[in-house]
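Analysis of the macromolecular model
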Amino acid sequence: MIRKARIEDIKQIQEMINAFAKQDLMLPRSLNELYENLRDFWVAEDKKKVVGCAALHISWDNLAEVKSVAVARNQQKKGFGRILVSACLNEAKEMGAKKVFVLTYKPEYFKKFGFKRVKHADLPHKIWAECINCCKFPNCQEIALLKTL
Ligand SMILES: CC(C)(COP(=O)(O)OP(=O)(O)OC[C@H]1O[C@@H](n2cnc3c(N)ncnc32)[C@H](O)[C@@H]1OP(=O)(O)O)[C@@H](O)C(=O)NCCC(=O)NCCS
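By convention here, each chain's residues receive numbers from 1 onward along its written sequence. Where local features are concerned, this predicted model is filtered to residues with pLDDT of at least 70; where side-chain atom pairs are given and counted, the filter is 80 or more; whole-chain, interface and lining totals use all residues. To get the side-chain values, all heavy atoms of the structure are used, and hydrogens and water are removed first.

Concerning the side chain of Arg-29
Here is the rule: Runs of E in the DSSP output that reach at least two residues are strands. Runs of H or I that reach at least four are helices, and both are numbered from the N terminus. Between buried and exposed lies partly exposed: a residue is buried under 20% and exposed over 50% of the maximum accessible area for its type, with that area taken using a 1.4 Å probe on protein chains only. Two N or O atoms form a polar contact when they lie within 3.5 Å of each other; inside protein one atom must be a possible hydrogen donor and the other a possible acceptor, and for residues adjacent in sequence the pair counts only when both atoms belong to side chains. We call two residues in contact whenever any of their non-hydrogen atoms come within 4.5 Å of each other.
With respect to the secondary-structure elements, Arg-29 resides in the loop between helix H1 (10-22) and helix H2 (31-36). Owing to a relative accessible area of 14%, Arg-29 belongs among the buried residues under this scheme. Looking at Arg-29, its side chain comes within polar contact range of the side chain of Glu-33, at 3.0 Å. With sequence-adjacent residues up to four places away left out, Arg-29 is seen in contact with Gln-14, Ile-17, Asn-18, Leu-34, Lys-67 and Ser-68.

Description of the sheet that holds strand S3 (residues 49-60)
Condition: A strand pair is defined by DSSP finding two or more bridges across the two strands. Every angle, taken between N-to-C directions, lies between 0 and 180 degrees, and every axis is a line fitted to C-alpha atoms, over only the stretch in contact when it is a helix.
Judged by pairing direction, the sheet is mixed, and its seven strands sit side by side in the order S1-S2-S3-S4-S5-S7-S6 without closing on themselves. With partners counted over all chains shown, the strands left at the sheet margins are strand S1 (2-4) and strand S6 (116-117), one partner each. Relative to strand S7 (residues 143-148), S6 is paired through two bridges, and the arrangement is antiparallel. From the neighbouring strand, Lys-116 faces S7, where its bridge partner is Leu-146. Across the face of the sheet, H1 comes into contact with strand S2 (41-46), S3 and strand S4 (63-71) while running at roughly 85° to S3. Seen against the sheet, helix H3 (residues 80-95) touches S1, S2, S3, S4, strand S5 (99-104) and S7 and runs at an angle of roughly 30° to S3.

Describing the site of the ligand
Rule in force here: In this text, near means that some heavy atom of the residue lies within 4 Å of the molecule or strand in question.
Around the ligand there are 19 residues in total, and Val-71, Lys-77, Gly-81, Arg-82 and Lys-106 lie nearest to it. Val-69 is positioned with one of its backbone polar atoms (N or O) 2.9 Å from a nitrogen atom of the ligand. In this structure, Lys-77 approaches the ligand through a main-chain N or O atom, which is 2.7 Å from an oxygen atom. Elements that contribute at least two residues to the shell around the ligand include exactly S4, H3 and helix H4 (107-111).

Okay, here's the thing in structure tokens:
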């Protein structure tokens, strides 16, 4: 049901993420960013189609980020999101991360996985370097949450 992403999945991943981004539900991702970070991605597959994705990105000493969590509208509330986020959290543990953060417009969703709200300033400066390239910079409404593994 879920597996690590492959090159051939990237266009479907981008279509799904960017459709939600147009509705301001998450941030858009460029093809370049997706190809370069392909190894971070998990996908959920149904009838050979990508119906969900989530990524685990290693950020810093002991710290990882869960990013780009999306499930196709017609496949939501079936548990795909839960399985994808859990895969990222297990992977983070296996990689030796001690904490995982998420920046999201859906804090309530991530609280179900044990993430707790933190101030943006509580996260290392390094992660803000990415923000300058974001289309929302400097008016970011994303909420930061952190989970200790
Ligand atoms: C948020 C999203 C990834 C959830 O995926 P999903 O596959 O529908 O989620 P699941 O079926 O695994 O739901 C897991 C649990 O979270 C709950 N849940 C689902 N969406 C939720 C939301 N928006 N807020 C709070 N809880 C939510 C479900 O009710 C379920 O709870 P339960 O286990 O107690 O019944 C999906 O709705 C989505 O892709 N939304 C658009 C993109 C987006 O907002 N991404 C968020 C992060 S950037």
